[in-house]
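Single-letter residue listing:
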Amino acid sequence: MFIRLLLALALLPGLTAPAAAQGATSSPAPEIVKAIAEVASSDAAVQEGAAVALGKTGDRTLLPLLEALREGSVYVRSLPGGKKETVIVGDKVNEGDKTLVPLFTAYGREPIRSADGKPLLADLSKLQEVPTGRSLRLVLRPLIDAFSGTTQLADPDWTVRQAAAVKMGNGGDAGALPALTDALAKEKDRWVRYAIEEAIALIQLKSGSPAERVNAATRLGALGGGDALDRLRELANAADAPPALKQAAADAVKRVERWSLLTQTIQVMFQGVSLSSILLLMALGLAIIFGLMGVINMAHGELMALGAYATYVTQGWFQGHAPGFFGYYFLVALPLSFLVAGAAGFALERGVIRFLYGRPLETLLLTWGISLMIQQGLRLWFGAANVDVISPTWLSGGLPVMVGIQLPYNRLFIIGLATVAVAAMYLLLFKTDAGLRVRAVTQNRGMAACLGVRSRRVDALTFALGAGLAGIAGCALTQIGNVGPELGQNYIVDSFMVVVTGGVGKLLGTILAALGIGGLNKIIEPGFGAVFGKVAILVVVIVFIQRRPSGLFAAKGRYADS
Amino acid sequence: MRTRERWTFLAAAVLLVVVLPALNALPQGSPFRVSNFTLNLFGKYLTYAILALGIDLIWGYAGVLSLGHGVFFGLGAYAMGMHLMLEIGAKGVYQNVLPDFMVWNRVTELPLFWRPFKSALFTLLAVVLVPGIVAAVFGFLTFRSRIRGVYFSIITQALALCAWLTFNRNTMNLGGTNGLSGFKTMFGFPLNEASTQRGLYVATALCLCGAYVLCRWIVRSPAGRVLVAIRDSETRVLFCGYSPAAFKLFVFTVSAALAGVAGALYVGQVGIITPARIGVLPSIEMIIWVAVGGRGTLIGPVVGAFGVNWLQSLLTTHYPDLWILALGGMFVAVVLFVPDGIVGTAQKLMARFGGAKTPEAAAARSEEAKAVEMTSR
Amino acid sequence: MTVGASPGGSIIYLEDVTVDFDGFKALNGLNFYMDYKELRVVIGPNGAGKTTLLDVISGKVRPSAGRVIFGRNIDLVGRRENEIAGLGIGRKFQTPSVFANLMVRENLELALARSSKGVFPTLKARLSGEQRERLDATLDSIGLLGQAGTRAGGLSHGEKQWLEIGMVMVQDAELLLVDEPVAGMTDEETEKTGRLLEGVAEERAVLVIEHDMEFVRRIARTVTVLHEGGVLCEGPVDKIQSDERVMEVYLGRSRDADA
């Protein structure tokens, strides 16, 4: 997935927009000419009828006219010989006490030129203004939307096409049908096709023939999209709807509801996994430090904040110095935040924490003090307000996987990142010499030292590693939440809970605890609200620890008490 | 008590309970007069000192670090605050018997759990019992399953977070973020009068003396030695036939009850209680009072509560940005350089140069030896 | 095997006790009993289950199967450590564990048998004259009378061991569990510890785990050899030392372990 994103990123600038430039202005059909004339009528009903007629043609050349009508820049000028012409006027120019305006044709908004080929300027007071009432503007809006929709249906970006189809479907205007059908024939992307089909069905459900409406209801049920649910429910309960339609709508409601139950379940699961992966990213570094030295590093949240601010600074640098490569800033920020937080962790360990091994509670208080100082430092340096970190384009948007489910790229990225981080930690700790040393020091500091492991170096580097992971977590958090001096505080208690539940220095325990707490949180949240969700988690963790006082995967037996 | 200690205690008690309020009662303009503001400030510090004594009992003696004492302080404060809210009656902004925030939140009837707080007696009991019971239940669940060390600290911190989140909710009918404020009278005495405040101050000072005597009785009894023994080796205590869980539960509950009393006295003198007083940060700030003053001594927490809070009011008025930095620095400095705190270090120095042989000094010495032992590991 | 009270005269009786640590059977269907006022030494190679045996009796480890009967008919399985201590089983750990921040006398006072060791009785407890005398006598017998007012954390390794033995003595235990009492001691200290234990054993049953064979010969009457979580053999020291199986599993391996 990641590679796909990168590919997309690389390819995007190369793609140009082959926007379908429709028709050079040829002479319009007679009925269009008639409608153009009628649009200028002083009778509102005639005017509206003409506008709708123009809209129905689907001729894009008429879009400027409709837009001009909405803005009120359509006038009528008298031609020699008593004939009248509907024109669009441009920006006003003042000349003495006269107000002059350039004139454009109603059909295609071509500049009208005088005999010498210069743009024709007319005296505004000689022109007759076409009134645009509120009801006309109401009529015009869907017509113009339909036109812009048609353009967007041809956009190279599939998300734009999809959004256009959804919008047209929700608009429910029958005028959009031809464009949609057209687009459906050309469309290759599965998700856009789906959106178009749904839009067509929605429009037909609203304004088709009775048979079409029944058909549309059935199709909407088959498509399963949640957008149609309200409309279908309404129909199923409507007293005046034909029985066949009511039946079809009711069936469709059932199908859609069944489908949405499935999608909601998947959605909750995904959110759970997403939250779990965030917790895991944060808890991983915490757990490594806790496992090595039995220390809960209270400054972990602030190390995360350091990572987040490193990302912010990187982003700012790219904006200022290399705007062309802005999309890549995150790839630089990720390792950079690891280094920044890791360096801070290294300094912390060498500077103070190493004096306190074997006194976990003292270390807890000390790191809390450090956390306050880092927090205040960030506040003084960057200001107390949140700073903006703009996501690179390849992390915005989402990946549609099934109807009703789109997985945001930034969440997917964090899940991926957490997976990679865990795998890397596993390999590092269990498959390398360095990891062997870390584990040796973790289990028996004195013995490891006797065997020639430089335990002090191991301590410092492990602490730096844990801190670096915090930095990465902070960097990832910039993509989904606010970046401020208090960034670390929001998640930190949760990640402590993960570590405590997971047990000391157990990678698998940490993973399972993160999944459990993250998942539980998302399951409880809809029912109890976020606050009581948290309370419930605390209760669950306490009850859980009742049964396993040293966490999920505590060493048993004779070591249990040491 | 030993004679010298008794005289020191009596002198301090007389100073706090009699002399200061008497000086406050002097007529305006007298050069010896203690201003209402100062007395009120002292009163607030005294409530913090009661709270700190409780924390010292569980942390300084039994070695159990609770990062959730703000919750117990808050429970006491809210219990008293609820009574004071109801005492306002229809004299509030909305002229309604319901507290103003309820009118604002369109609550039409007094919630059930508010009703007993109309009774002053119930409130006074609740101030002690509510935090005590919450602590007892929480402690029972955690100590029984042998959650200790950093595990216990983290769980109590989560408790503080949860309580803070809960009290912030408007639907709890506890005033949400704004908490409870706007009190007019306390047990019928108008709160804005100097004499009421003086009375409250005296009550607080008396409570502090009582708390000191209570804590001293506990730590000097054989049970107090069990607490210190728990700090040294919980397993050994267990095999001596004592249940460490029961002893920890006992001091945790006493400590929570003291925090509740402190909270109730705080509300009367400060006039407001909000969730901001019970969250994660205030809960851990309380720890630093004890650490700075000197844990494992009974005078230390009192000195620490006064000292740190005095420094806080000083800094926040003159250099607001520096306070947090100073607070953080204090955590670092105390842990690294003055693990015995001010009082512990002073006692150690006195013991070294003066040869005084108080048990506190001995405890201080032992702390020193322990620290040496630890660092030499 | 009959189920019921322990065979007449046993102070502790373990029946088919199995302890399972994630698949590793630290004790495997162990049967073991001791008489009142007996001094028993348990030996065995590393991992034979010696410490686990003490853990099971003192309640630190709960067996996955079997029964542990104390005295006439008290089943110890499932009871908490402090409860078992209250029933009259004292335990001395391998590494000296005394309360470093308390005075030597306070250490003993804490361990002293009381009518109740609950929170509230302890709060109000005061030493009787008799108890005071008893403390002094114990301090004298463990040779720490002179250091009664000093902090236990400042004692030497041997002194801490004696203090701990003193603590289990004043605990009035009927059964004492002692884990490697002379490890890391000088010869003089070992000698003194031996005398102490013999004195202790005159009034109560003592179960000692020891590696030091010289020490074992000095104090032991009956020796039990554990191997792979079960009893390999049992008998007087001389008989054990000449037993071929013991030579094979214990002495052979212990030489490996010492190497």
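Residues numbered from 1 in each chain as written. Chains lettered and ligands numbered in written order. Predicted model: local features only at pLDDT ≥ 70, side-chain atom pairs only at ≥ 80, totals over all residues. Heavy atoms only, no water.

## As for the overall build of chain B
Scanning chain B for helices and strands turns up 15 helices and four strands. The C-alpha atoms of chain B give 21 Å as radius of gyration, which agrees with the globular expectation for 377 residues (21 Å, within 12%). Taking all 377 residues of chain B together, the buried fraction comes to 59%. Distance from the positive charge centre (29 side chains) to the negative charge centre (15 side chains) of chain B: 4 Å. (Helix = DSSP H or I, 4+ residues; strand = E, 2+ residues; numbered from the N terminus. Rg over C-alpha atoms; globule rule 2.2 N^0.38 Å. Buried < 20%, exposed > 50% of the residue type's maximum accessible area, 1.4 Å probe, protein only. Lys, Arg positive; Asp, Glu negative; His and termini not counted. Charge placed at Lys NZ, Arg CZ, Asp CG, Glu CD.)

## What about the sheet that holds strand β1 (residues 10-21) of chain C?
Within a beta sheet, neighbouring strands are joined by backbone hydrogen bonds and run either parallel or antiparallel to one another. Residue and element names in this part refer to chain C. Taken in spatial order, the four strands line up as β2-β1-β4-β5 in an open sheet, and their pairing is antiparallel. One side of each edge strand has no neighbouring strand; the edge strands of this open sheet are β2 (24-35) and β5 (74-75). Of the strand pairs in this sheet, β1 and β2 are connected by eight bridges, and their pairing is antiparallel. Within β2, the position partnered with D20 by the bridge is K25. On the sheet, helix α1 (residues 50-58) packs against β1, β2 and β4 (65-70) and is oriented at approximately 115° with respect to β1. (Pairing = 2+ DSSP bridges. Contact = heavy atoms within 4.5 Å. Axes fitted to C-alpha atoms, helices over the stretch in contact; angles between N-to-C directions.)

## Things to note about the interface of chain A and chain B
Each partner contributes to the interface: chain A provides 42 residues, whereas chain B provides 45 residues. The tally of links from chain A across to chain B stands at one salt bridge. Its salt-bridge partner being R295 of chain B, residue E362 of chain A comes within 3.2 Å of it at the nearest N-O pair. The tally of links from chain A across to chain B stands at two residue pairs in polar contact (both at pLDDT 80 or more). Put simply, the parts of the chain that give the side of chain A that touches chain B at least two residues each are α14 (360-382), α19 (487-502) and α20 (507-547) of chain A. Ranked by the residues each element gives to the side of chain A that touches chain B, the list is headed by α14 of chain A, at 14 residues. (Salt bridge = Lys/Arg side-chain N within 4 Å of Asp/Glu carboxyl O. Polar contact = N/O pair within 3.5 Å; in protein donor to acceptor, adjacent residues only side chain to side chain.)

## Points about helix α6 (residues 149-168) of chain B
Across its 20 residues, α6 of chain B extends 29 Å between first and last C-alpha, which sits within 8% of the 28 Å expected from 1.5 Å per residue. Taking burial as the measure, the 20 residues of α6 of chain B include 18 buried ones, the bulk of the element. (Expected span 1.5 Å × (residues − 1).)

## Section: the interface of chain C and chain B
With 35 residues of chain C at the contact, the number on the chain B side is 32 residues. Taking both sides of the interface into account, the surface hidden between chain C and chain B amounts to around 3,000 Å²; carbon and sulfur atoms contribute 63%. Applying the counting rule to chain C against chain B returns three salt bridges. In this structure, the salt-bridge partner of R236 of chain B is E164 of chain C, at a minimum N-O distance of 3.0 Å. For the interface between chain C and chain B, the tally reads 11 residue pairs in polar contact (both at pLDDT 80 or more). Residues of the side of chain C that touches chain B, tallied by class, amount to 14 nonpolar, nine polar and 12 charged. (Buried area = accessible area lost by both parts, 1.4 Å probe. Nonpolar A, V, L, I, M, F, W, Y, C, P; charged D, E, K, R; others polar.)

## With respect to the sheet that holds strand β7 (residues 175-179) of chain C
Residues and elements named next belong to chain C. Taken in spatial order, the six strands line up as β6-β7-β8-β3-β9-β10 in an open sheet, and their pairing is mixed. Two strands close off the open sheet at either side, each with one partner strand: β6 (89-92) and β10 (230-236). The average angle at which neighbouring strand axes cross in this sheet is 20°, direction not considered. Bridge count for strand β9 (residues 222-227) against β10 is six bridges, and the pairing is antiparallel. In the sheet register, V223 faces β10, and the bridge partner there is G235. Each of β3 (39-43), β7 and β8 (205-209) is contacted by helix α7 (residues 187-201), which is oriented at about 145° to β8, the strand it contacts most.

## Section: the state of the cysteines
Residues and elements named next belong to chain B. Counted by the stated rule, this structure contains zero disulfides over all chains. Not part of a disulfide, C209 finds its nearest cysteine sulfur in C207, a span of 9.3 Å. Its sulfur unpaired, C215 is 12 Å from the next cysteine sulfur, which belongs to C209. C215 gets classed as buried once you look at its relative accessible area, which sits at 0%. (Disulfide = S-S within 2.5 Å.)

## What about unusual backbone geometry?
The phi torsion of most residues other than glycine is negative, and most of the peptide bonds are trans. All names here are of chain C. Even without glycine at this site, D172 takes up a positive phi of about 60°. The exposure class assigned to D172 is partly exposed, which follows from its relative accessible area of 41%. At E228, a position not held by glycine, the phi torsion is positive, near 50°. Relative to the assigned elements, E228 resides in the loop between β9 and β10.

## Some thoughts on empty space enclosed by the protein
With the rule as written, the count across this model stands at two cavities of 30 Å³ or more. Taken as a whole, the largest cavity holds about 70 Å³ of empty space. The wall of the largest cavity is formed by V493, D494, M497, K534, I537 and L538 of chain A together with A158, L161 and C162 of chain B. The set of elements that each furnish at least two residues to the lining of the largest cavity consists of α19 and α20 of chain A together with α6 of chain B. Class assignment for the residues of the lining of the largest cavity results in seven nonpolar, no polar and two charged. Its volume calculated, the second largest cavity comes out at about 40 Å³. Of the residues that constitute the lining of the second largest cavity, the class distribution is six nonpolar, no polar and one charged. (1 Å grid on protein atoms, 1.4 Å probe; cavity = no way out; pocket = protein on both sides within 12 Å on 5 of 7 lines; lining within 4 Å. Points joined across faces, edges and corners; volume = space filled by probe spheres on them.)

## Digging into the nonpolar core
As a rule of thumb, nonpolar side chains are buried together in soluble globular proteins. Residues W114 of chain B together with L163 of chain C are the most contacted members of the largest nonpolar core, which totals 270 residues. In terms of residue count, helix α10 (residues 244-270) of chain B provides more of this core than any other element does, 16 residues in total. In contact with W114 of chain B, not counting residues within four places along its chain, are M82, M85, L86, P99, F101, M102, N173, L174 and L180 of chain B. The next biggest cluster of nonpolar side chains, apart from the first, holds 29 residues, and it includes V42, A48, I57 and L207 of chain C. (Core = buried A, V, L, I, M, F, W, Y, C linked by side-chain atoms within 4.5 Å.)

## A few points about the packing of aromatic side chains
Geometrically, a pair of aromatic rings is defined through the distance of the ring centres and the angle of the planes. The tally for this structure, following the rule as stated, stands at 30 aromatic pairs over all chains. Look at Y312 of chain A and F382 of chain A: their rings are 6.0 Å apart centre to centre, the planes differ by 75°, and that puts the pair in the edge-to-face class. With Y312 of chain A in helix α12 (residues 300-321) and F382 of chain A in helix α14, this residue pair connects regions lying 70 residues apart in the sequence. Note on Y45 of chain B and F306 of chain B: the rings are 5.6 Å apart at their centroids and 75° apart in plane angle, and the pair reads as edge-to-face. Placement of Y45 of chain B in helix α2 (residues 36-61) and of F306 of chain B in helix α12 (residues 299-318) is noted, with a sequence separation of 261 residues between them. The class of Y45 of chain B is buried, set by a relative accessible area of 4%. Given a relative accessible area of 17%, F306 of chain B falls into the buried group. Members of the aromatic cluster, each reached through a chain of ring pairs, are F326, Y329, F330, W394 and F413 of chain A. Its guanidinium or amino end placed over the ring of F104 of chain A, R109 of chain A lies 4.4 Å from that ring's centre, counting from NZ or CZ. It is R91 of chain C that lies over the ring of F239 of chain B; its NZ or CZ is 5.7 Å from the centre. (Phe/Tyr/Trp six-rings, centres within 6.5 Å; stacked < 30°, edge-to-face > 60°. Lys NZ or Arg CZ within 6 Å of the ring centre and 35° of its normal.)

## Some thoughts on a nonpolar patch on the surface
Residue and element names in this part refer to chain B. A cluster of nonpolar side chains, L121, L125, V128, L129, I133, V137, F140 and L141, forms an exposed patch at the surface whose accessible area comes to about 720 Å². If you trace the backbone, I133 turns up in helix α5 (residues 120-144). Using a relative accessible area of 52% as the deciding quantity, one classes I133 as exposed. (Patch = residues over 30% accessible without salt bridge, like charges linked within 9 Å, V, L, I, M, F, W, Y side chains within 5 Å. Areas by Shrake-Rupley, 256 points an atom, 1.4 Å probe, with all protein chains shown as cover.)

## Remarks on helix α11 (residues 280-293) of chain B
Residue and element names in this part refer to chain B. When the terminal C-alpha atoms of α11 are compared, their 21 Å separation across 14 residues agrees well with the 20 Å that a helix rising 1.5 Å per residue should span. Burial analysis of α11 places 13 of its 14 residues in the buried class, the great majority of the element. Looking one or two places after α11, you find G294, whose phi comes out positive at around 125°.

## Quick notes on the confidence of the model for chain B
Residue and element names in this part refer to chain B. Here chain B averages 87 in pLDDT, and 93% of its residues register 70 or above. Per-element confidence in chain B is highest for α10, whose mean pLDDT is 95, and lowest for helix α15 (residues 359-375), whose mean pLDDT is 45. We note a pTM of 0.78 for the whole complex and an ipTM of 0.86 for its interfaces. (pLDDT = per-residue confidence, 0-100.)

## Focus: the pattern of salt bridges
For the coordinates displayed, the defined rule picks out 28 salt bridges over all chains. Between R359 of chain A and E362 of chain A there is a salt bridge; the shortest N-O distance is 4.0 Å. Across this residue pair, the class does not change: R359 of chain A and E362 of chain A are buried. Each of R359 and E362 of chain A together with R295 of chain B takes part in salt bridges that share partners, so that together they form one network.

## Brief notes about the side chain of T478 of chain A
Residue and element names in this part refer to chain A. As for its position among the elements, T478 is in the loop between α18 (455-477) and α19. For T478, a relative accessible area of 3% gives the class buried. In this structure, T478 is in contact with A308, T311, F330, V389 and V483, ignoring residues within four places of it in sequence.

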